[in-house]
Amino acid sequence: MTEIVGIDLGTTNSLVAAMREGRPRVLAPEGGRAIVPSVVSFRPDRVLVGERAQADRVSNSRHTIFSIKRFMGRGYKDIEEELRHMPFEVDPSRREVAHVRARGRSYSPPEISALILRELKARAEGALGGPAARAVITVPAYFNDAQRQATKDAGRLAGLDVLRIVNEPTAASLAYGLHNRDRGVIAVYDLGGGTFDISILRVKEGVFEVLSTGGDTRLGGDDFDRALADWVRARVREEAGAELPARPEVVGELAVLCEMAKRALSERDSAEITLDFPGAKPWRRTITRAEFEEIIRPLAGRTLPSCRRALEDAGLTPAGVDEVVLVGGSTRIPLIRRMVAELFGQEPRCEINPEEVVALGAAVQADILAGGTRDMLLLDVTPLSLGIETVGGAMAWILPRNTTIPAAAREAFTTFKDSQTGVDIHVLQGERELVKDNRSLARFRLRIEPAPAGVARVEVTFLIDANGILNVTARDLRTGKAASVDVQPSYGLTDEEVERMLMESFEHAEEDVRARQLLEARNEAEAILGATHRALGEYGDARVPAEEREAIARAAAALEEAVRGEDHQRIRERVDALNEVTLPLAERMMDGVLKAALRNKSVSEVLKE
């Protein structure tokens, strides 16, 4: 079993920590910094991460990605307002999930985050002298399901088994040892690079209860940098009679200079900003801390209503809070600390480095999961993952193990065959990739209206109550028809059996992943082969040139041969080849469908024309 590490995947900076000699410690190369800037630079010949990438924010600004956490689980429309501050390109064609572009390729936020996590994993393994494949990763308390899932996906892409996603406020409280309090109320004020989070927690005998949360997913140190950048632009316009160009290189340089000035003003009363203009003398301006505070005061003030609402939702006044904890690098700003002290009527705790406190707390949580902290009992969690069977006998997890209960989660699925009249829901428990290796809990059937493959939408909801009773409901989203079953996931499982199932999942991990990859590749191949044959039949011989039909037939035959083999990569390659040769046909069919829609004709009418 590899060591479990705690990771703070931050907007501006990220860290990894682990328990060392009974205390949580951040992990860093010998003589190096613990903090890893959450920056990825794509150069023509290699990819840089962290400090090395940070240096490229000016020289390689078009292909250097930062603050990607702000994009996690969000669509293009959600981040459109922020684009003028981004020197890198955001792909306008990817509307549903925001993607960034670098060196001619689009990357999702989990892909970029995975590169940062790999760097953290590597430095953890260097410091620990062994593998670090399991992790606890923190997220803001108000991250929604899409954002949490995106974070888990990033961990998976980085080669990490994400045992638990932990709320940052809870992690910060663990770092301060507040779980050892007999009882008390804690306010965690978390202002990072891209997000603000306020959480009111009640701790009693080591158990945390979240009373209320609030915050702003679009407020953080990045916004202070941008406000300062806008102020600089205005001063340059007034004092030098020049307009700073909107070129990515200029935007990138200005962002770096403003961030440096912000950091300096947390330690000093003034800082100097210098801008070099080609063919002209540099523009210099000294900014005082008082000036900076006036610039950011409206933004900083936006955190206070969220704090008051959180207190109100918890049924408390500031006097009812026993401890206030500061989290996030932006809480180093003196104005922020004064505002928090005035609101809560007490000096906030900040003796632990606010940039490290979440990672340290994640390490404490990791130690608890590893069994290192024996005097703290983890109650009300799912001992093993829960999910359902999907096509070909693969396991689709819906509730991961160690999910705190009560809990609810839902996923949408579709049909694999044409004209299905029902969907069999097979509820499973376990950590293995294939159904045959997991524990069967229940089966039931949902009747649906016949439709072509992929048209039906079936939403499966898992709900576990405080007693550990699992209710699984399947609902046809088109008709509203539903069916459900109640099961007790932990019934009949001893601790030894749970441990055995977990051990088997690790022992057979590589073999299971290979089996799942082959299964998924075959499923994808069968789906595209079926769709290709249907398209050729419906579209008619006369409308597909002979040369194109022959190319499609050759590609389909090559794919059918690959499916009979055991090489999932070869199957994927043949799938890509068939996709490529059928692209013209698909485009013509789509064009026909759109024209039909405009003429109020059905798809079948178009295909017959």
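That block above? That's the structure.
Residues numbered from 1 in each chain as written. Predicted model: local features only at pLDDT ≥ 70, side-chain atom pairs only at ≥ 80, totals over all residues. Heavy atoms only, no water.

### Side note on the sheet that holds strand E5 (residues 39–42)
Right, on to step 1. Reading across from one edge, E6-E5-E7 is the order of the three strands in this open sheet, with antiparallel pairing throughout. With one partner strand each, in any of the chains shown, strand E6 (47–49) and strand E7 (64–66) form the two edges of the open sheet. Ignoring which end each strand starts from, the neighbouring axes of this sheet average 15 degrees apart.
Right, on to step 2. Note that E5 and E6 share three bridges and pair antiparallel. If you follow Ser41 over to E6, its bridge partner there is Leu48.
Right, on to step 3. Against the sheet, helix H4 (residues 109–128) makes contact with E5, E6 and E7, and its axis sits at roughly 105 degrees relative to E5, the strand it touches most. (Pairing = 2+ DSSP bridges. Helix = DSSP H or I, 4+ residues; strand = E, 2+ residues; numbered from the N terminus. Axes fitted to C-alpha atoms, helices over the stretch in contact; angles between N-to-C directions. Contact = heavy atoms within 4.5 Å.)

### Examining the environment of Val203
Right, on to step 1. Turning to its location among the elements, Val203 is positioned in strand E14 (residues 196–204).
Right, on to step 2. For Val203 and Ser173, which are 30 residues apart along the polypeptide, the C-alpha to C-alpha distance reads 9.4 Å.

### Observations regarding the pattern of salt bridges
Right, on to step 1. For the structure on display, the rule yields 31 salt bridges.
Right, on to step 2. Between Arg235 and Glu238 there is a salt bridge, with the nearest N and O atoms lying 2.9 Å from each other. Residue Arg235 and its partner Glu238 are both found in helix H7 (residues 221–239); the two are separated by three residues, about one turn of the helix.
Right, on to step 3. Taking the shortest distance from any N to any O, the salt bridge between Glu355 and Arg332 comes out at 3.4 Å. (Salt bridge = Lys/Arg side-chain N within 4 Å of Asp/Glu carboxyl O.)

### Remarks on the pairing of E14
Right, on to step 1. In terms of burial, E14 is largely enclosed, as seven of its nine residues are buried.
Right, on to step 2. Two elements, strand E13 (residues 183–191) and E14, share nine bridges in a ladder whose sense is antiparallel. Its bridge partner lying in E14, Ala187 is registered against Ile200.
Right, on to step 3. Between E13 and E14, which pair antiparallel and follow one another directly, the connecting turn spans four residues. (Buried < 20%, exposed > 50% of the residue type's maximum accessible area, 1.4 Å probe, protein only.)

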